[in-house]
Amino acid sequence: MTRYLIRRLGQSVLTVFLTLSTVFVLVRMAPGDPAAALAGPNPSSADLARIREQFGLDRGLLSQYGLFLRDLFTGDLGTSYSFHAPALDVVLDRVPYTITLSLSAITLTALVAVPLGVWMARRADTKRELGANVLTIAGQSMPDFWIGVMLLTLFAVAVPVLPASGFTTWGGLVLPTVTVAILQMALISRLVRREMVAALAAPYVTVARSRGVSNRVLTWRYAMGNSAIPVLTALGTRFAAMLNGVVVVEVVFGWPGVGSLVVRALETRDYPLIQATVLVTAALAVLVQLLIDLAYPLLDPRVRLGKAA
Amino acid sequence: MRGPHRCPGPGAISLGLNRSLVSLDNKLNQFDAAVTVQRAVRQALTRIGKGLRPELVLADRFEMTGPTAWTVRLRDGARYSDGTPVTVKDVSTALMMYAGVNGSFIVGLFPEMPTVEPVDERTFRLHTKRPVPILDQLMANILISPAARNRPEELSGGVGSGPYVVTSANSGTGEYTLDVNPRYWGRRPTVDRVRVRFVPEESSRVVAVRSGELDVIDTITPDSAEQLKGLPGVRLDRTSGTRVNQLFFNFRKPRGHPLADARVREALSYAIDGEALVRDVLTGSAQQAEGVIPLALKGSVRTGRYVHDPGQARKRLAALGASDLKVKIIWESGEFPADTSVMEAVLEMLRAVGVRASLQQFEPGGDIQQWRQGRRGDWDVLGNGFSVPTGHASTSLQGMYGGTAEKEKTRDTYQGYVFPKIAARLADASAETDEKTRNTKLAAVQQQIWDTRPCLWAFVPDVVLARRTRVRDVRLLQLNSYDLAAVRLEG
């Protein structure tokens with residue numbers, strides 16, 4: 001187990017490092033000039049040259065990368081061009097907002113999607129299940145910005161009971177959470193349904209049923225137990241994806257999280273901020289993945305991490 | 001019905017900005033809406049007020065006492081929120097710090113930075129090498145901070161001489177709370193608390209002001225203004241602006257190229273139906289330009305009108321041997337409201353007179369700067385905007401039309417616009433200390449610029465702000481700013 005953990009941590013660090021290095025190169029290959037984005041209207045060539053020199057943008061790619069690595073190992077990810085503050089601090093300021101939204105959305109997703117998926121599995125191929133299926137497909141097909149704008153129009157304008165944007169009160173969490181969760185619910189409930197249908201048709205369930213085990217126990221203990229790993233994996237993956245920034249939803253609802261920060265960083269070609277965002281979100285994503293892996297043996301005693309790995 | 005959780009509360013006002021207020025200093029971070037908030041915390045010697053006239057703020061005297069010298073006296077009792085007085089040293093330090101910061105465009109507005117000569121505790125002289133007759137307007141952009149705390153960077157601390165102090169700040173999220181400065185030297189504002197929020201998405205700002213969550217949103221696009229017009233509880237404030245949006249010709253065309261000929265440029269402009277663009281695309285939120293700079297600017301004059309006459313365009317282009325012209329139009333996305341729709345309409349208008357046009361749009365932060373400098377390839381017309389926070393014609397004219405051969409060596413002219421005689425006359429007019437003579441000279445040179453036909457078309461967008469009706473006395477200025485201390489709340 002300890003060896004497994006050490007190896008997984010090593011892999012995680014390598015993953016984050018490679019991601020960061022790839023992003024470092026890609027953002028510099030993309031069109032655009034951070035100096036021009038920074039310099040305000042109608043800058044002179046001298047202004048641009050001065051800014052490039054100040055931020056080391058006048059150096060070659062390899063030289064920039066070397067400096068980046070040197071600073072990275074001292075925990076310095078540079079100063080954000082647009083915020084004039086340490087890039088890592090700017091990102092860390094935003095992370096709690098994204099974690100709050102993601103946790104809230106994934107919790108709502110699990111609370112609705114898992115029972116819904118089970119309900120659909122138990123009524124597989126009936127007209128009622130067909131209706132639920134149509135709803136989940138619709139939910140999966142609607143773009144998040146459209147759902148967001150509809151919810152805003154309904155609950156912030158027509159019946160103004162919830163804040164339209166930002167996170168000044170807890171009420172501000174409701175609409176973005178629901179928007180993110182609707183898409184995830186559709187996905188997860190269909191997955192739960194598929195897994196449960198397969199599990200409920202498995203021989204061990206048939207045997208248990210013949211022994212007189214109740215439907216409730218069959219569903220929630222026997223079948224759900226076997227379906228838990230793929231469902232947990234899917235929930236974890238979705239959660240990790242949300243931590244990378246629910247960009248559209250954050251922009252629509254003025255949510256001060258990492259997603260809206262990424263948009264701004266990209267618009268201004270703020271290299272240090274882009275890199276800091278990638279570092280933090282990639283680290284969070286691999287951490288979530290690691291936690292999910294560690295949870296597997298708890299859900300399925302046949303899984304032995306040390307040996308399996 | 002309005003949910004109580006969303007109301008900013010009695011005595012508090014909530015502002016929604018379209019761009020993040022990164023700092024309450026403005027050395028680098030200067031955009032219209034930010035200045036409204038920044039000036040509530042930090043002040044300058046002067047400000048640009050109603051009618052774009054300079055008004056005294058931290059100075060109670062600011063007058064030209066020689067061709068290259070101004071005498072300034074600090075207001076008696078002007079002090080910072082920490083109780084310390086505003087001093088002459090603070091002014092000289094502020095000038096040094098603005099000059100020392102990289103990437104500031106405030107400094108670019110000054111023909112030269114003045115030096116400070118102290119006279120007594122409150123009085124000093126500002127000296128320049130050449131006359132700078134609008135120095136009182138230029139100095140409105142230099143916010144003063146205590147010398148000991150000033151740095152050549154944006155200041156994160158909130159010590160200032162303004163009517164408000166910062167009680168909470170998160171520059172990362174762009175959210176600030178300002179409370180009344182109990183030590184303010186001037187009249188106490190009636191609004192106790194100002195909440196500033198960054199709401200980047202325009203539709204979200206519109207929804208928030210409709211629902212009462214935000215009290216004031218600014219920089220409204222024509223579409224949003226249409227949505228908000230006539231809604232109960234919401235009022236639109238509108239005034240003529242000081243920004244000009246232009247379809248500016250590329251003046252780096254080689255001799256012999258059709259677009260190097262002012263007559264061809266003029267002929268092309270006949271193809272553009274500016275009235276239709278203003279009416280249908282910009283939904284009446286702009287005026288066609290009638291000069292080379294906005295008429296709201298002090299010292300500007302009418303020099304001509306854009307006339308739509310496609311028959312004339314065809315005839316003249318044919319006479320000039322430019323009937324089969326191809327035109328490439330470039331612009332940065334979001335350069336002005338409804339930019340894409342304007343460009344697409346222009347393309348059709350040019351096509352209607354036989355000119356084949358193509359469009360190339362750049363995302364913000366992309367390569368537009370290199371294209372402007374002619375380093376990325378050829379183009380013919382650039383969608384561009386130019387605004388100046390001094391409110392004076394000469395700043396705008398020099399910025400756009402004061403190009404010289406020396407500047408062009410580094411491609412620092414405005415789209416290659418280099419007319420040595422015009423540049424010389426502009427420099428002469430801008431340094432003229434007698435206002436009447438200066439205005440006469442400026443008028444003459446504006447006509448001369450118009451005759452070079454620099455733009456395919458140009459328009460001046462209105463400045464529009466939306467507010468809840470409980471917010472009163474928002475005296476929206478042409479610079480797209482207002483005095484927060486003068487705002488009142490009802491309810």
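Residues numbered from 1 in each chain as written. Chains lettered and ligands numbered in written order. Predicted model: local features only at pLDDT ≥ 70, side-chain atom pairs only at ≥ 80, totals over all residues. Heavy atoms only, no water.

## So, the pairing of strand β9 (residues 175-180) of chain B
All names here are of chain B. Summarising burial for β9: 6 of the 6 residues are buried, a large majority. As defined by bridge partners, strand β8 (residues 164-170) adjoins β9 across 6 bridges and the pair is classed as antiparallel. Its bridge partner being in β9, S168 is matched across the sheet by T177. Hairpin connection from β8 to β9: 4 residues lie between these consecutive antiparallel strands, with G174 at a positive phi of about 75°. Summarising the sheet, β9 and strand β10 (residues 193-198) pair through 4 bridges and their orientation is antiparallel. By the bridge assignment, Y176 is partnered in β10 with V196. (Buried < 20%, exposed > 50% of the residue type's maximum accessible area, 1.4 Å probe, protein only. Helix = DSSP H or I, 4+ residues; strand = E, 2+ residues; numbered from the N terminus. Pairing = 2+ DSSP bridges.)

## Examining the packing of helix α6 (residues 127-141) of chain A against helix α8 (residues 174-200) of chain A
Residues and elements named next belong to chain A. Here α6 crosses α8 at 135°, and the two axes come no closer than 7 Å. With respect to α8, the element α6 is oriented oblique. With respect to the hand of their crossing, α6 and α8 are arranged in left-handed fashion. Touching E129, N133, T136, I137, G139 and Q140 of α6 are I182, L183, A186, L187, S189, R190 and R193, all from α8. Tallied by class, residues from the contact of α6 with α8 come to 5 nonpolar, 5 polar and 3 charged. (Axes fitted to C-alpha atoms, helices over the stretch in contact; angles between N-to-C directions. Parallel < 35°, antiparallel > 145°, perpendicular 65-115°, else oblique. Left-handed = near helix turned anticlockwise from the far one by under 90°. Contact = heavy atoms within 4.5 Å. Nonpolar A, V, L, I, M, F, W, Y, C, P; charged D, E, K, R; others polar.)

## Side note on the layout of surface pockets
As a volume, the second largest pocket reaches approximately 1,300 Å³. Looking at the second largest pocket, it is lined by 49 residues, and the ones nearest its centre are G108(B), L109(B), Q398(B), G399(B) and K407(B). Those elements that provide at least two residues to the lining of the second largest pocket are α3 (45-54) of chain A together with α3 (106-109), α11 (368-372), α12 (393-401) and α14 (420-430) of chain B. In terms of residue count, the dominant contributor to the lining of the second largest pocket is α12(B) (5 residues). Residues that form the lining of the second largest pocket fall into these classes: 23 nonpolar, 18 polar and 8 charged. Formed jointly, the lining of the second largest pocket draws a minimum of three residues from each of two domains, domain 2 (45-147) and domain 3 (243-461) of chain B. (1 Å grid on protein atoms, 1.4 Å probe; cavity = no way out; pocket = protein on both sides within 12 Å on 5 of 7 lines; lining within 4 Å. Points joined across faces, edges and corners; volume = space filled by probe spheres on them. Domains from an automatic or database assignment.)

## What to know about the confidence of the model for chain B
Residues and elements named next belong to chain B. Per-chain confidence: chain B averages 92 in pLDDT, with 98% of residues scoring 70 or above. With pLDDT under 50 throughout, residues 1-5 is counted as low confidence; its partners more than four residues away or in other chains account for 11 contacts. Here the predicted complex carries an ipTM of 0.76, next to a pTM of 0.84. (pLDDT = per-residue confidence, 0-100.)

## As for the environment of Y97(A)
Mapped onto the elements of the fold, Y97(A) is located in helix α5 (residues 87-122). Residues Y97(A) and T206(A), spaced 109 residues apart in sequence, show a C-alpha to C-alpha distance of 47 Å. For Y97(A), the residues in contact, after removing those within four places along its chain, are F167(A), W255(A), P256(A), G257(A), N170(B) and T173(B).

## Here's the deal with the UniProt feature "transmembrane region" (unreviewed entry) in chain A
Mapped onto the present numbering, the UniProt feature "transmembrane region" (unreviewed entry) falls on residues 97-119, 145-164, 170-188, 231-253 and 273-299 of chain A. The annotated region residues 170-188 of chain A carries 79% helix and 0% strand content, and the separation between its end C-alpha atoms amounts to 26 Å. (UniProt positions renumbered as here; feature names shortened; annotations may be inferred.)

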